[in-house]
Amino acid sequence: DAKTTQPPSMDCAEGRAANLPCNHSTISGNEYVYWYRQIHSQGPQYIIHGLKNNETNEMASLIITEDRKSSTLILPHATLRDTAVYYCIVNSPSGTYKYIFGTGTRLKVLA
Amino acid sequence: DTEVTQTPKHLVMGMTNKKSLKCEQHMGHRAMYWYKQKAKKPPELMFVYSYEKLSINESVPSRFSPECPNSSLLNLHLHALQPEDSALYLCASSPNPGTTNTGELFFGEGSRLTVL
């Protein structure tokens, strides 16, 4: 079973911040949170990952709660090209390689 | 080179055919993966190879046969498939397992398979 739960869909106005939540209440101490997105009919694309500190890169920011049971991916200024399915995955990079995708959130950015 | 290359991009086969999907990466990654994705569903893990040895088989039917002939190449041999096996097959790789690394998966664009 997937270790994460996400809302099935969200809309966001172009230019506004998109905040995508993920619950991972059974996360263990050595597991990271990874975010990927999949634009229609393409392979999933890595966005960002983190362990317990907030992370930011050129694509997005990742906010992880202090208890690590949930996280939020933030796209600061969403564009139409950000319309995609966003997946949150938890796994340990030094453990098994069972990267299990949950159902994801289908983000639609509206003009 | 940070690409995972999958061929063919599209494949149509009959239920009695034998075909193969190919995946190649030149990033020095020693873990390689096959995922299956049906329409509007998340990718489902099928197989994982670690250092060219099969480490995970998610109870995949034997009509799917993976092969990892070397550290850069991953094949998926297909035989006697059913129409319900029609899907997008995704290959991925990740940096060396068991070492300090980001655990990031690098995906190819997939091979879209149609079984008639």
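The paragraphs below set out a description of the structure included in this document. (Residues numbered from 1 in each chain as written. Chains lettered and ligands numbered in written order. Predicted model: local features only at pLDDT ≥ 70, side-chain atom pairs only at ≥ 80, totals over all residues. Heavy atoms only, no water.)

Describing the sheet that holds strand S7 (residues 70-75) of chain A
Residue and element names in this part refer to chain A. Pairing in this open sheet of 4 strands is antiparallel, and the strands run S2-S7-S6-S5 from one edge to the other. Edge strands, defined here as strands with exactly one partner in the open sheet, are strand S2 (18-23) and strand S5 (55-56). The pairing of S5 with strand S6 (residues 61-64) spans 2 bridges and is antiparallel. What sits directly across from Glu 55, in S6, is Leu 62. (Pairing = 2+ DSSP bridges. Helix = DSSP H or I, 4+ residues; strand = E, 2+ residues; numbered from the N terminus.)

With respect to the state of the cysteines
Within this structure, the stated rule accounts for 2 disulfides over all chains. One disulfide bridge connects Cys 22 of chain A with Cys 88 of chain A, the sulfur atoms lying 2.1 Å from each other. The S-S bond linking Cys 22 of chain A to Cys 88 of chain A shows a torsion near -80°; that makes this disulfide left-handed. With a gap of 66 residues between them, Cys 22 of chain A in strand S2 and Cys 88 of chain A in strand S8 (residues 84-91) connect regions that are remote in the sequence. Bridging Cys 23 of chain B to Cys 91 of chain B, the disulfide has an S-S length of 1.9 Å. Where Cys 23 of chain B bonds to Cys 91 of chain B through sulfur, the torsion about that S-S bond is close to -70°, and the disulfide is left-handed. (Disulfide = S-S within 2.5 Å.)

Side note on the sheet that holds S8 of chain A
Residues and elements named next belong to chain A. Reading across the sheet, the 5 strands line up as S1-S9-S8-S3-S4 and stay open at both edges, with mixed pairing between neighbours. Across the chains shown, the open sheet's two edge strands, defined by having one partner strand only, are strand S1 (9-13) and strand S4 (45-50). Each strand axis lies, on average, 25° off the axis of its neighbour in the sheet, ignoring direction. When S8 meets strand S9 (residues 105-110), the two strands line up antiparallel, connected through 3 bridges. Bridging across to S9, Ala 84 finds its partner in Leu 107. (Axes fitted to C-alpha atoms, helices over the stretch in contact; angles between N-to-C directions.)

Examining the environment of Arg 106 of chain A
One can find Arg 106 of chain A in strand S9. Among the residues examined, Arg 106 of chain A registers a relative accessible area of 43% and is labelled partly exposed. Spatially, the C-alpha atoms of Arg 106 of chain A and Ala 84 of chain A are 5.9 Å apart, while their sequence positions differ by 22 residues. Among residues more than four places away in sequence, those in contact with Arg 106 of chain A are Pro 8, Ser 9, Met 10, Ala 84 and Val 85 of chain A together with Lys 40 of chain B. (Buried < 20%, exposed > 50% of the residue type's maximum accessible area, 1.4 Å probe, protein only. Contact = heavy atoms within 4.5 Å.)

With respect to empty space enclosed by the protein
The rolling of a water-molecule-sized probe over the atoms marks out the regions of remaining empty space. All names here are of chain B. For the coordinates displayed, the defined rule picks out 1 cavity of 30 Å³ or more. What the largest cavity holds in volume is close to 30 Å³. Surrounding the largest cavity, His 29, Arg 30, Ala 31, Met 32, Tyr 49, Ser 50, Tyr 51, Glu 52, Cys 68 and Ser 71 form its lining. Breaking the lining of the largest cavity down by element, the ones donating at least two residues are strand S4 (31-37) and strand S5 (44-50). (1 Å grid on protein atoms, 1.4 Å probe; cavity = no way out; pocket = protein on both sides within 12 Å on 5 of 7 lines; lining within 4 Å. Points joined across faces, edges and corners; volume = space filled by probe spheres on them.)

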